[in-house]
Amino acid sequence: MVHFTYRQEDNPPPAGPKLKLFRLKAGESANFALLGQKVHGVWTHWNGRTDPCVEPKELCNGCAKQHPQRWKGYIFARHESTLELGFLEVTQAMREKLIALLNGEQWLRGSRVKALRGNGQKTSVQYLLLRPWLQEHEGQPMPDDTSPMETLRVLFEWRRPKSDGKNGTP
Ligand SMILES: [Zn+2]
């Protein structure tokens, strides 16, 4: 006789993609509470829009067409105005600035920053340190770090190109 219990969940997650990407537009600023332990990085191709770079290389449309490669980083974060959870998208340069400001990637989680993107053609991002999460939210648990891959898969239709329709498998 095998004993079992029912798997319970009082607060099931909402259907569909629930986490968004936070991207700053030119001239925009926003405060973020950083919840991720690290910046999750992926390679993408630029083709007028961002396409994923996939492995193995033979299956990557962007590599075959030699579309330029761009690294993109994602930090799990809370947007402090909307209170939404999601991923702050950073470029290589933005990641370096952020980590320099915080004195190392190990201080990402729990830090809060104001991110400001400049106006004009050369839009760079500045970061200002705010009071840390724990000082602002005493006794409140911080959400665990989360990988952006599920969100990216949905937003970028993150999948390998179909193999020329012969067998119909993705
Ligand atoms: Zn590629």
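Starting from 1, residues in each chain are numbered consecutively following that chain's sequence as written. Selection of residues for local features in this predicted model requires a pLDDT of at least 70, selection of side-chain atom pairs for listing and counting requires 80 or more, and totals for whole chains, interfaces and linings are taken over all residues.

Caption draft 1: The overall build of the chain, seen in detail. Labels follow the DSSP assignment, with helices taken as runs of H or I lasting at least four residues and strands as runs of E lasting at least two, numbered in each case from the N terminus. Helix and strand content of the chain: four helices and eight strands. When the elements of the chain are put in sequence order from the N terminus, they spell out β-β-β-β-α-β-β-α-β-β-α-α. Expressed as a percentage of the 170 residues in the chain, the buried residues total 19%. What counts as a contact is two residues whose backbone-derived C-beta atoms lie within 7 Å of each other. Long-range pairs, those at least 24 residues apart, make up 64% of the contacts in the chain between residues at least 6 apart in sequence. For the exposure call, what matters is how many other C-beta atoms sit within 10 Å of a residue's own: 20 or more marks it buried, 12 or fewer exposed, and in between partly exposed, using C-beta atoms placed from the backbone.

Caption draft 2: Highlighting the pairing of strand 6 (residues 85-90). Only when DSSP finds a minimum of two bridges between them are two strands counted as paired. Relative to strand 6, strand 1 (residues 20-22) runs parallel, the two being bridged by three bridges. Within strand 6, the position partnered with Lys20 by the bridge is Gly86. Two elements, strand 5 (residues 69-79) and strand 6, share six bridges in a ladder whose sense is antiparallel. Its bridge partner being in strand 6, Ala77 is matched across the sheet by Gly86.

Caption draft 3: Focus on unusual backbone geometry. Cis geometry is adopted by the peptide bond preceding Pro56, which originates at Glu55 and carries an omega value of 0°. Take Pro56: it is sitting in the loop between strand 4 (50-52) and helix 1 (61-64). Of note, Gln66 is a non-glycine position whose phi angle comes to about 55°, a positive value. When you line up the elements, Gln66 lands in the loop between helix 1 and strand 5.

Caption draft 4: The arrangement of the pairing of strand 5 in detail. Alignment of strand 2 (residues 29-34) against strand 5, held across three bridges, turns out to be antiparallel. Looking at strand 5, one finds that Ala33 is bridged to Arg78. Bridge count between strand 3 (residues 40-46) and strand 5: six bridges; the pairing is antiparallel. Following the sheet pairing, Gly41 is matched in strand 5 by Gly73. Taking the residues that link successive antiparallel strands as the turn, the strand 5-strand 6 hairpin has five residues, and the phi of Leu83 there is positive, at about 65°.

Caption draft 5: Region of the structure containing the nonpolar core. If you look at the biggest cluster of nonpolar residues, it comprises 18 residues, and the most contacted ones within it are Phe32, Leu34, Ile75, Ala77, Phe87, Leu88 and Val90. Of all the secondary-structure elements, those providing two or more residues to this core are strand 2, strand 5, strand 6, helix 2 (92-102) and strand 7 (112-117). No other element matches strand 5, which puts four residues into this core. Phe32 has contacts with Phe22, Ala77, Arg78, His79, Glu80, Leu88, Arg112, Val113 and Ala115, leaving out every residue within four places of it along the chain. We call a set of buried Ala, Val, Leu, Ile, Met, Phe, Trp, Tyr and Cys residues a nonpolar core when their C-beta atoms link them within 7 Å.

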